[in-house]
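Listed below are the residues making up each chain.
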Amino acid sequence: MKIIQTNDNKSYQTPSKKKSVAAIYTGTLVQSAAIAPVSLLMSDKIIDSMWRINNSADKNILNKAITDAFQKSDLSKKGLKLTVYNPKEQLSYDNVILNYLAELQQKEPKEILKKPGKIINDLMIKLIEQGYNAGFDNKTNTIHVNTNKMGTAFFHELGHAINFNNSAFWKSTQKVRMPAALTSAILPVVAIAKRKKAPGEEPKNILDKTTDFVKNNIGKLTFISMVPIIAEELKATQRGNKIAKTLLSPELYKKVVNSNKIGAASYIATALSMGFGAYLGNLVRDKIAKPAEIKK
């Protein structure tokens, strides 16, 4: 603990180390608790809804439209590839994760730490294979989709491919996706770890001033860091819907649009929950441990 002397001649005592650790721990738990229910609920609801929409579509007509859309995009000339998965055995979401973790146990720790991005990407492909998602991999310029489970999501992924191959701006936006996601995860850590300033306490240097700004605006900053991801997702949906409209019947086109609306809503809901969780975690942290005025 130390004494803070402010410009208005007031004195404050900083919270003890033990109290600060407890505050950081509790704030982090609250932040996670605010996000987790939304993430879990959204993932289950999204998959169920998209599967229902896809199952209500005529698979033969939809698969032909997927082939036609891929050809119409003319992106194969730029190296775009399409990988379609239709596994014979349907695994639960949990089993996909558990099987993959079992595979990782066979690998050397150095191999895992050396390429963490590949580990995440490989897991996503396994989930896509079982129809729990669909995706466009800009590193390999490949659309991955299980057409039996997620065929209606293909057009959105084609929109991502068009963004990447035909627009320098949206290509660069895609490339900041991972940094943006990391930023949205790091900002709450900074805010919750930082002690709240006493009234009238001035920042010591530029780093102190910057982290104060992050702490005082954490909810907004966390949401804003997700905006590039949301914007690119919406643009992919717009482009995918445009192609779908030229190839599908009004009824099937409506199914694709509804499927894409669910996906877009999930990104917006996730960003909002992350912003709210960061704000709430920071608020709780400061309620538990903040400078206390020393009465003279």
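S.K.: Tell me what's going on with the packing of helix H9 (residues 177-193) against helix H12 (residues 227-247), and back it up with residues and numbers.
M.R.: Taken N-terminus to C-terminus, the directions of H9 and H12 make an angle of 140 degrees; their axes are 8 Å apart at the nearest point. Here H9 is positioned oblique relative to H12, judged by the angle of their axes. Here Arg-177, Ala-180 and Ala-181 of H9 come into contact with H12, specifically with Ile-229, Glu-232 and Glu-233. Of the residues in the contact of H9 with H12, the class split is three nonpolar, no polar and three charged.

S.K.: Before we move on, could you go through the pattern of salt bridges and cite the residues and values that matter?
M.R.: Evaluation of the coordinates by the stated rule reveals 12 salt bridges. Notably, a salt bridge pairs Lys-118 with Asp-122, separated by 2.8 Å at the nearest N-O pair. Highlighted residues: Lys-118 and Asp-122, both in helix H5 (residues 116-129), separated by four residues, approximately one helical turn. For Lys-118, a relative accessible area of 46% corresponds to the partly exposed category. With a relative accessible area of 23%, Asp-122 lands in the partly exposed category. Measuring nitrogen to oxygen at the nearest pair gives 2.7 Å for the salt bridge that ties Glu-233 to Arg-177. Of the two residues, Glu-233 is situated in helix H12 and Arg-177 in helix H9; the sequence distance between them amounts to 56 residues. Judged by relative accessible area, which is 4%, Glu-233 ranks as buried. Ionic contacts of the salt-bridge type, sharing partners, join the residues Lys-194, Lys-197, Asp-208 and Asp-212 into one network.

S.K.: Can you lay out H5 for me, pointing to particular residues and giving the numbers?
M.R.: An ideal rise of 1.5 Å per residue puts 20 Å on 14 residues; H5 measures up with 20 Å between its terminal C-alpha atoms. For H5, the set of buried residues is Ile-119, Ile-125, Leu-127 and Ile-128. In this fold, the buried residues of H5 make contact with helix H3 (93-105), helix H4 (109-114), strand S4 (135-137) and strand S5 (142-145). Backbone geometry just downstream of H5 places Gly-131 in the positive-phi region, at approximately 85 degrees.

S.K.: Give me helix H8 (residues 168-175): which residues, what numbers.
M.R.: Every buried residue of H8 is listed here: Trp-170, Thr-173 and Gln-174. Here the buried residues of H8 occupy an arc of 100 degrees about the axis, which is enough to place them on one side. Away from its buried face by more than 90 degrees, H8 exposes Ala-168 and Lys-175. In this fold, the buried residues of H8 make contact with S4, helix H7 (154-166), H9 and H12.

S.K.: Talk me through the packing of H3 against H5; I want residue IDs and the actual numbers.
M.R.: It is the contact of H3 with H5, at a shortest axis distance of 10 Å, that shows an interaxial angle of 140 degrees. Classified by chirality, the crossing of H5 by H3 is right-handed. Each of Tyr-93, Val-96, Ile-97, Tyr-100, Glu-103 and Leu-104 in H3 lies in contact with H5, whose residues at this interface are Lys-118, Ile-119, Asp-122, Leu-123, Lys-126 and Leu-127.

S.K.: So what's going on with a nonpolar patch on the surface? Residues and values would help.
M.R.: On the surface, Met-178, Leu-182 and Ile-186 cluster together to form a nonpolar patch covering roughly 310 Å² of accessible area. Positionally, Met-178 belongs in helix H9. Taking the relative accessible area as the measure of exposure, Met-178 reaches 52% and is therefore exposed.

S.K.: Can you explain the sheet that holds S5? Please cite residues and give values.
M.R.: The sheet built from three strands is open, its strands ordered S3-S5-S4 with mixed pairing. With one partner strand each, in any of the chains shown, strand S3 (81-84) and S4 form the two edges of the open sheet. Strand-to-strand twist of the sheet, defined as the mean angle between neighbouring strand axes without regard to direction, takes the value 20 degrees.

Conventions and cut-offs
- Sequence order as written defines residue numbering, which begins from 1 separately in each chain.
- Local features in this predicted model are restricted to residues of pLDDT 70 or higher, and side-chain atom pairs are both shown and tallied only at a pLDDT of 80 or more, whereas totals for entire chains, interfaces and linings draw on every residue.
- Computation of side-chain values: all heavy atoms of the structure, hydrogens and water removed.
- The axes are straight lines fitted to the C-alpha atoms, using for helices just the contacting stretch, and the angles between their N-to-C directions are given from 0 to 180°.
- Numbering of helices and strands starts at the N terminus; helices are DSSP runs of H or I of at least 4 residues and strands are runs of E of at least 2.
- For classification purposes, angles smaller than 35 degrees are called roughly parallel, those larger than 145 roughly antiparallel, those between 65 and 115 roughly perpendicular, and all remaining angles oblique.
- Every residue pair with non-hydrogen atoms within 4.5 Å of one another is taken to be in contact.
- All amino acids are sorted into three groups, where Ala, Val, Leu, Ile, Met, Phe, Trp, Tyr, Cys and Pro are nonpolar, Asp, Glu, Lys and Arg are charged, and the leftover types, Gly among them, are polar.
- Definition used for salt bridges: Asp or Glu carboxyl oxygen within 4 Å of a side-chain nitrogen of Lys or Arg.
- Residue burial is assigned from relative accessible area. The probe radius is 1.4 Å, only protein chains are included, and a residue is buried under 20% of its type maximum, exposed over 50%, and partly exposed in between.
- Between the first and last residue of a helix there are one fewer steps than residues, each counted as 1.5 Å, and that sum is the expected span.
- Arc, as used here, means the arc of the directions from the helix axis to the C-beta atoms.
- Take the far helix as your reference; a near helix turned counterclockwise from it by less than a right angle gives a left-handed crossing, and one turned clockwise gives a right-handed crossing.
- What goes into a patch is any residue over 30% in relative accessible area without a salt bridge, connected to like charges within 9 Å or, for nonpolar side chains (Val, Leu, Ile, Met, Phe, Trp, Tyr), within 5 Å.
- For accessible areas, the Shrake-Rupley method is used with a probe of radius 1.4 Å. Any residue's cover is judged against the shown protein chains and nothing else.
- Any two strands with at least two DSSP bridges between them are considered paired.

Distances and angles like these do not, on their own, reveal function.
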